[in-house]
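# Tertiary structure, described
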2 protein chains.
Amino acid sequence: MFHSLNIDSEKEDRIINAATKVFSENGYKRASTNAIVKEAGISKGILFHYFKSKKDLYLSLYEHLSDMFAEKIYARLDWEERDIFEIIRQVSVIKLELFKTYPDLINFLNSVFHEDEAEVKEEVETIRESLTDSSFTKLFSNIDAGKFREGIDAAKAIQVIYWTFEGFANQQQAKAKSMSVADIYKEDVLAELDSYTDLLKKSFYK
Amino acid sequence: MFHSLNIDSEKEDRIINAATKVFSENGYKRASTNAIVKEAGISKGILFHYFKSKKDLYLSLYEHLSDMFAEKIYARLDWEERDIFEIIRQVSVIKLELFKTYPDLINFLNSVFHEDEAEVKEEVETIRESLTDSSFTKLFSNIDAGKFREGIDAAKAIQVIYWTFEGFANQQQAKAKSMSVADIYKEDVLAELDSYTDLLKKSFYK
DNA sequence: TCTTCATTGACCAACCTGGTCAAAAGGTGT
DNA sequence: ACACCTTTTGACCAGGTTGGTCAATGAAGA
C-alpha cells in the first residue's frame, strides 16, 4: 500500500479519506488509529495488515497525497503565465475539483507542513525535499510587475492579493462545513472569486 | 479565583499565562493540567485548590480574559470613527500592547471560539452571550462608504481590507515565534502596517 | 509551643494508546 | 461435501496519560 494491488479502490479511498481527516484534525501524535478505523468502517487488524505501523500509514499517506497533488497541479497549470490573477484562478479551479473527491487533502497537507512531532519530522523533511516545488515558487517570483499602476508597490500588492484569496478560501471552507459537499457549486464559487479579481484589478492595474 | 484575593498577582499571572498557552495550543480536551502546572511552576494540588476542576479553570479563564480584552478595547476605541483604516489601526495598536503582557491571549480567544468539546460548549456559549459584542459589530457596519472611488464595491473592498490585516497579523505572529517577545518593536510593525494602509487607500479611496 | 493556612507531589482509578493474534469468514477448485 | 488459502475481525495486552485527591510538610504569627 498504496498500490499494493488486490485491494478494491473503493475501500482504499475510504481509508485515505478517513486517515486524511483524522490526521488533519489532530496532528500525528493525537490522531488515534481507533478513530481512523472507525471512520473508515474497517477493523483494526486490517489497517495494521496494510501498514506496518501508524508512522508507516502517516508517511505513506503524505507521500501518496503530495504526489497526487503535485501531479494534478503540474498537468493543468500554464507555466508561462505571468499574470498573478490568472495563476490564482487556475490553482483555485484545480483545488476546487480536488476538494470534491478529497475534502481534507489541503488541510492535511497544511497540517503536515506545521507538524513538529520528533517521531516523523525527519522523514517528512526527506519526502518534502524530494518534491520539486522549486519551480512552483518560481511561478510566483516571475510575475509581471509591469501591469501595476504607477506608484503601486508591486510586492506589497501581490501580498495583498495573496492574503485576499487565502481569506476567501478560508471563508469558503467554513461555509462548506455547514453544508454537504455536493451542494458546493463550482460556478458560484468561481463567480464570487472573479468579483474579487475584478475589484483588485480595477484598483491595482493600469 | 480569579480575584479571590490573598494570592500574589505575580503567581496569578504565571497561572494565567500557562493555562492560556496550553489551552490555546491544544484545545480543551487535549490540554493537560500536568502541562499547565509544569509551565506555571506550581504544584498540582494548588491548582485544584484554586479551581475546583479543569472545566472550572477553563471557563474562569475564558471569562476573565474576554472581560479584560473587551475592557481594554472599549476604553481606548473612538466609537465615532467611521474610517475603516483608522479603526483597524486603533485595534491593532491595542492588540500589540496586550500581546506583550499576554502573548497567547488572542490565540486563546480564537481557540475558544472554535472549541466544540461537548463538555464546555454550552457554558462557553452562555459566557459569550453575556458579552456586549453587538456594538462591536456596529462599529464595522457603520463605516463611511462614501470615501471609496466610484465603481468600487465598498462591501467587497472592506472584506479585502479585513483579510489583508488578518494576513498581516498572522505573518507578524509567525515572525514573533522565532524571536523573543521583547524584540518586537511596536514602531517597526506599525510602520509596515501603515505601508499596507497607504497602498490600499491609494487603490480604493477617491 | 500551638494553630492556621498555603503548598507539595506521590498516588489512584479510569481511560486510551498502538499493536497483536487466534479464530472466523469468504472464496475457489474438486 | 471437503480441503486449502487469503482476507478480515475484534477481544485483548502492556504501557502511558488523564483529572483529581489527600496525608504530609512548610511558613508565619501569637
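Refer to the structure presented above.
Attention here is on the structure that accompanies the text. (Residues numbered from 1 in each chain as written. Chains lettered and ligands numbered in written order. Predicted model: local features only at pLDDT ≥ 70, side-chain atom pairs only at ≥ 80, totals over all residues. Heavy atoms only, no water.)

## Details of the interface of chain B and chain A
Just so we agree on the cut-off: Only heavy atoms matter for contacts: two residues are in contact if any of them lie within 4.5 Å across the pair. By buried area we mean the combined loss of accessible area, with a 1.4 Å probe, across both parts when two parts are placed together. The term salt bridge refers to a side-chain nitrogen of Lys or Arg lying within 4 Å of a carboxyl oxygen of Asp or Glu. Definition of a polar contact: a pair of N or O atoms within 3.5 Å, with one able to donate and the other able to accept a hydrogen when the atoms are protein atoms, and with sequence-neighbouring residues admitted only if both atoms are side-chain atoms. Segments assigned H or I by DSSP are reported as helices when at least four residues long, segments assigned E as strands when at least two residues long, and all are numbered from the N terminus.
Across the contact, 22 residues belong to chain B and 21 residues belong to chain A. Buried surface at the junction of chain B and chain A, both sides included, amounts to about 2,000 Å², of which 66% is carbon and sulfur. On the chain B side of the contact with chain A, K156(B), W163(B) and L199(B) bury the most area, a combined 32% of that side's loss. At the junction of chain B and chain A, the tally comes to zero salt bridges. The tally of links from chain B across to chain A stands at two residue pairs in polar contact (both at pLDDT 80 or more). Of all the secondary-structure elements, those providing two or more residues to the side of chain B that touches chain A are α1 (9-30), α9 (154-177) and α10 (186-204) of chain B. Among the elements that make up the side of chain B that touches chain A, the one with the highest residue count is α9(B) (nine residues).

## A look at the protein's contact with DNA strand C
The condition that has to hold: Think of it this way: one heavy atom of a residue within 4 Å of a molecule or strand is enough to make that residue near it. Any residue outside Ala, Val, Leu, Ile, Met, Phe, Trp, Tyr, Cys, Pro, Asp, Glu, Lys and Arg is labelled polar, Gly included; the first ten of those are nonpolar and the last four are charged.
Surrounding DNA strand C, one finds 16 residues, the nearest of these being T33(A), K44(A), K54(A), K11(B) and Y50(B). Sugar and phosphate atoms constitute 59% of the interface atoms of DNA strand C, taking the interface as everything within 4 Å of the protein. Elements that contribute at least two residues to the surface near DNA strand C include exactly α2 (33-40) and α3 (44-50) of chain A together with α3 (44-50) of chain B. Sort the elements by how many residues they give to the surface near DNA strand C and α3(B) lands first, with four residues. The residue inventory of the surface near DNA strand C, partitioned by class, reads four nonpolar, eight polar and four charged.

## Structural notes on the relation of the copies chain B and chain A
Heads up, the rule is: Here the copies were fitted onto each other by least squares, based on C-alpha atoms from residues at pLDDT of at least 70 in both.
Mapping chain B onto chain A is achieved by rotating through 179° and translating by 0.1 Å along the same axis, at an RMSD of 0.1 Å. Taken together, the rotation and translation relating the two chain copies correspond to the operation of a two-fold axis. Considering only C-alpha atoms, the part of chain B nearest the rotation axis is S203(B), at 2.4 Å. In this assembly the copies share their binding face: 95% of the residues contributing to the interface of chain B also contribute to that of chain A.

## Quick word on the pattern of salt bridges
Which entries qualify depends on this criterion: Whether a residue is buried, partly exposed or exposed follows from its accessible area with a 1.4 Å probe, protein chains only, as a fraction of its type maximum: under 20%, in between, or over 50%, in that order.
If you walk through the whole model with that rule in mind, you get 20 salt bridges over all chains. For K156(A), the salt bridge is made with D153(A), and the minimal N-O distance between the two is 4.0 Å. The class of D153(A) is partly exposed, set by a relative accessible area of 38%. E117(B) serves as the salt-bridge partner of K29(B), at 3.6 Å between the closest nitrogen and oxygen. With K29(B) in helix α1 and E117(B) in the loop between α6 (105-114) and α7 (118-129), this residue pair connects regions lying 88 residues apart in the sequence.

## Comments concerning the nonpolar core
In plain terms, the rule: Only buried residues count toward a nonpolar core, which is a set of Ala, Val, Leu, Ile, Met, Phe, Trp, Tyr and Cys residues joined through side-chain atoms within 4.5 Å.
In this structure, F23(A), F204(A), F23(B) and F204(B) are the most contacted members of the largest nonpolar core, which totals 122 residues. Not counting the four nearest positions on each side in its chain, F23(A) is found in contact with Y28(A), A31(A), I36(A), K54(A), L57(A), Y58(A), L61(A), F108(A) and S111(A).

## Examining the protein's contact with DNA strand D
For DNA strand D, the set of nearby residues contains 16 residues, the closest of which are K11(A), A31(B), T33(B), K44(B) and K54(B). At a separation of 3.4 Å, a base oxygen of DNA strand D approaches a polar backbone atom of G45(A). T33(B) places a main-chain nitrogen or oxygen 2.8 Å from a phosphate oxygen of DNA strand D. Only α3 of chain A together with α2 (33-40) and α3 of chain B provide two or more residues apiece to the surface near DNA strand D. Top contributing element to the surface near DNA strand D by residue count: α3(A), with four residues. By residue class, the composition of the surface near DNA strand D is four nonpolar, eight polar and four charged.

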